[in-house]
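Spelled out from the first residue to the last, the chains are:
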Amino acid sequence: MTAIDRWREQLERWAIPAEIISAAPESPYGFPTELFRMRGRHATGAADPTPTTVRALEGLPDGGRVLDVGCGGGATSLPLAGRAGVLVGVDSQEDMLEGFLSNARAAGVNAEVVPGRWPNVADRVGPADVAVVGHVLYNVANLEPFARSLAAVARRRVVFELTDRHPLRWMNDLWLRFHDLERPEGPTAQDALDALTELGLDPVIERWARPPAAGGFERKDDAVALVRRRLCLRPNRDRELTDVLGSRLEEREGLWSTGPPNQELATIRLGR
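To keep things clear, this report deals only with the structure shown in the data block. (Residues numbered from 1 in each chain as written. Predicted model: local features only at pLDDT ≥ 70, side-chain atom pairs only at ≥ 80, totals over all residues. Heavy atoms only, no water.)

**Observations concerning the packing of aromatic side chains**
Between two aromatic rings, the relevant description is the distance of the centres plus the angle of the planes.
Part 1: All told, the structure shown has one aromatic pair when counted by the stated rule.
Part 2: Measuring from centroid to centroid gives 5.6 Å for Trp7 and Tyr138, while their planes differ by 25°, and the two rings are stacked. In this pair, Trp7 is assigned in helix H1 (residues 3–12) and Tyr138 in the loop between strand S4 (128–134) and helix H6 (143–153), connecting sequence segments 131 residues apart.
Part 3: Exposure remark for Trp7: the relative accessible area of 0% places this residue in the buried category.
Part 4: Directly above the ring of Phe178 sits Arg177, whose terminal nitrogen or CZ lies 5.9 Å from the centroid. (Phe/Tyr/Trp six-rings, centres within 6.5 Å; stacked < 30°, edge-to-face > 60°. Helix = DSSP H or I, 4+ residues; strand = E, 2+ residues; numbered from the N terminus. Buried < 20%, exposed > 50% of the residue type's maximum accessible area, 1.4 Å probe, protein only. Lys NZ or Arg CZ within 6 Å of the ring centre and 35° of its normal.)

Below, the structure written as structure tokens:
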């Protein structure tokens, strides 16, 4: 099996069984705008640049053009605002693009938005100096056209950021408890690196760690509700879910979020 096929196969295993989806009170998919807008705001004023920011800045000339695919609130591209001339955000959720524009205005940088999915909208963005893709790859089963189109658009460098393991893996015990469902263990950042190498894109990986990204919900109940929605549960399970989450439900800087206490991350760059 090729590395590209292995990547696709592992992601396809994450599909939620049809019988669980049909019984769910609401869709487990999609992302809350509030969460990503808040992360973008925090990233703009971050004191210490991440390896992703450093690698992107290495390829970005003064006044350069940055493409942010799956931009959300701009957490990956806004740290480049001091050097970039314009940020171009691509996202399939139009409310995310509104948050991206709002955060860009607050950071004092010019911004443009293109609604849609990459690479379907690749012909609408024009060339960029640097493309950044933060925490999107685990949603991309068909990696080859996604990565090749980025390499074609970005004149200098493409920079991916992703968790070392699938970002929903921390919930595997919850799926087992509430649905008696075993969830996958992969893919991993290494699998992404192997697939990109197989495509001849000469990727370079850098692994690092940090506490969970700043941002979250003002209300504890909203943080629990997001996990409940992901698990296809009804609201009457919130109290039980809160108990099971334990220390994985945490308040930081006045905002509530869920997840592991530390994040193992990877930055993968393409280009010089």
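**So, the pattern of salt bridges**
Part 1: This structure, assessed with the given rule, holds 23 salt bridges.
Part 2: Of the charged contacts in the structure, one is a salt bridge between Arg6 and Asp191, with a shortest N-O distance of 3.9 Å. Pair noted here: Arg6 is in helix H1 and Asp191 is in helix H8 (residues 189–198), with a separation of 185 residues, a long-range link.
Part 3: Since its relative accessible area comes to 30%, Arg6 is described here as partly exposed.
Part 4: With its nearest N and O atoms 2.9 Å apart, the salt bridge here joins Glu9 to Arg13.
Part 5: When its relative accessible area of 31% is taken as the criterion, Glu9 is described as partly exposed.
Part 6: Three or more residues are tied together by salt bridges with common partners; here these are Arg55, Glu58, Arg157 and Glu206. (Salt bridge = Lys/Arg side-chain N within 4 Å of Asp/Glu carboxyl O.)

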